[in-house]
Amino acid sequence: MRYTRGILSTIGLGVLLIGIPNVRAAAPTPGSADDPVVTKSYLEQYVQGLGGSVGTGGGSNGLTESKIKEIIAQEIAKLPTNNGGGGTPSTGQGNTMKVVALKAGQTILADAGSELIVRNGKTLAVSNDDNGIPDVTAGKDLAAGTVVQNNHLLIFPRDGRGVKPDLKETADVYVMVRGGYVVQNADGSKVPQ
């Protein structure tokens, strides 16, 4: 009995010890794509590719602050403006929203990828095709002519869709827009921004 208990205890301990090393968190390997390491040699090679050199101290062999700012400005200038629909271009302040006042009879048409939130008043969805406007807050598509709820986030997948004040709305309607857009009068003329 004692002998059997000892064997079972030894086998149980062995199984436990074999299983412990296999139960650990999967950590990314340093230097892999999941955990990149920027080494000094990589940084020196990258800076030399930009036409400079990495120096120590304030000597003339290193990149100057003005040269770094110039390189950054050149790279920013290469970025797209996200203005495929010809509306008001994004100014590079991707996370800012602009407040726009719509008067009776005006329509705001958002560029593809733009976001819009109606802040007050009664508005209707506008679309130039059978597809609607995604109302992310409600989790549904709004067909043309559907009432847009206030404070709901709308995302515009294509140009030619927007919102307009209800015909009975006499006060200005305020909307918040992120991205490109065009405001049109009832006759189709563009409102200067």
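Residue positions are given per chain, counting from 1 as you read along its sequence in written order. Local features in a predicted model are, by the rule used here, given only for residues with pLDDT of at least 70; side-chain atom pairs are given and counted only at 80 or more, and totals for whole chains, interfaces and linings are based on all residues. To get the side-chain values, all heavy atoms of the structure are used, and hydrogens and water are removed first.

Let us look at the overall build of the chain. Only DSSP runs of H or I with at least four residues qualify as helices, and only runs of E with at least two residues qualify as strands; both kinds are numbered from the N terminus onward. A count of helical and extended segments in the chain gives 3 helices and 11 strands. Shown N-terminal to C-terminal, the secondary structure of the chain runs as helices and strands in the order α-α-α-β-β-β-β-β-β-β-β-β-β-β. The classification of residues rests on relative accessible area computed with a 1.4 Å probe and restricted to protein chains. Under 20% of the type maximum is buried, over 50% is exposed, and intermediate values are partly exposed. With 193 residues in all, the chain has 22% of them scored as buried. Contacts are residue-level and defined by heavy atoms, with any inter-residue pair within 4.5 Å sufficient. When contacts within the chain are restricted to residue pairs at least 6 apart in sequence, long-range pairs at least 24 apart make up 68% of them.

Our next topic: the pairing of strand β3 (residues 115–118). Residues Glu115 and Ile117 point to one face of β3 and Leu116 and Val118 to the other, with burial holding for every one of them. Bridge count between β3 and strand β10 (residues 173–178): 4 bridges; the pairing is antiparallel. The residue of β10 that forms the bridge with Val118 is Val175. Here a strand pair is declared whenever DSSP counts at least two bridges between the two strands.

Only residues whose relative accessible area exceeds 30% and that form no salt bridge enter a patch; like-charged residues are grouped when within 9 Å of one another, and nonpolar side chains (Val, Leu, Ile, Met, Phe, Trp, Tyr) when within 5 Å. Only the protein chains shown count as cover for residues, and all accessible areas are computed by the Shrake-Rupley method using a 1.4 Å probe. Only one rule defines a salt bridge in this text: a Lys or Arg side-chain nitrogen within 4 Å of an Asp or Glu carboxyl oxygen. Residues Ile68, Ile72, Ile76 and Leu79 make up a contiguous nonpolar surface patch of roughly 380 Å² in combined accessible area. Its place among the elements puts Ile76 in helix α3 (residues 65–77). Accessibility expressed as a relative area gives 53% for Ile76, which makes it exposed.

Structurally, Arg161 can be placed in strand β9 (residues 161–165). In this structure Arg161 comes out as buried when scored by relative accessible area, which is 2%. Nitrogen and oxygen atoms within 3.5 Å of one another constitute a polar contact, given that in protein one can donate a hydrogen and the other can accept it, and given that sequence-neighbouring residues count only through two side-chain atoms. A distance of 3.2 Å separates a polar atom in the side chain of Arg161 from a polar atom in the side chain of Asp129. When neighbours within four sequence positions are excluded, Arg161 is seen to be in contact with Ile108, Leu109, Ala110, Val126, Ser127, Asp129, Asn131, Gly132, Ile133 and Phe156.

Before going further, it helps to spend a moment on the confidence of the model for the chain. In predicted models, pLDDT denotes the confidence assigned by the predictor to each residue on a 0 to 100 scale. Residues at a pLDDT of 70 or more form 69% of the chain, whose mean pLDDT is 79. Mean pLDDT across the secondary structure elements of the chain bottoms out at helix α1 (residues 2–19), with 68, and peaks at β3, with 96. Every residue in residues 88–93 is under pLDDT 50, and counting partners more than four places away or in other chains gives 8 contacts.

A few words on the side chain of Asp135. Tracing the backbone through its elements, the reader meets Asp135 in strand β5 (residues 133–135). An unpaired buried charge is present at Asp135: no salt bridge exists, and Lys140, the closest side chain of opposite charge, is 5.9 Å distant. Within the local environment of Asp135, its side chain forms a polar contact with the backbone nitrogen of Thr137, the two atoms lying 3.2 Å apart. Apart from residues no more than four positions distant in its own chain, Asp135 is found in contact with Lys140, Leu142, His152, Leu153 and Leu154. Neither His nor the chain ends contribute to the count of charged residues, in which Lys and Arg are positive and Asp and Glu negative.

This part takes up the sheet that holds strand β2 (residues 107–110). Spatially, β7-β4-β9-β2-β11 is the arrangement adopted by the 5 strands of the open sheet, whose pairing is antiparallel. Here the strands that pair on one side only, and so sit at the sheet edges, are β7 (147–148) and β11 (181–184).

With that settled, consider the nonpolar core. Judged by nonpolar contacts, the single largest core of 18 residues is most densely connected at Ile108, Leu116, Leu154, Val163 and Val175. Elements represented by at least two residues in this core include exactly β1 (98–102), β2, β3, β10 and β11. Here this core takes 3 residues from β10, the largest share from any one element. Every residue in contact with Leu154, bar those within four places of it in the chain, is listed here: Ser114, Glu115, Leu116, Ile133, Pro134, Asp135, Leu142, Val148 and Val163. Residues enter a nonpolar core if they are buried and are Ala, Val, Leu, Ile, Met, Phe, Trp, Tyr or Cys, with the set joined through side-chain atoms within 4.5 Å.

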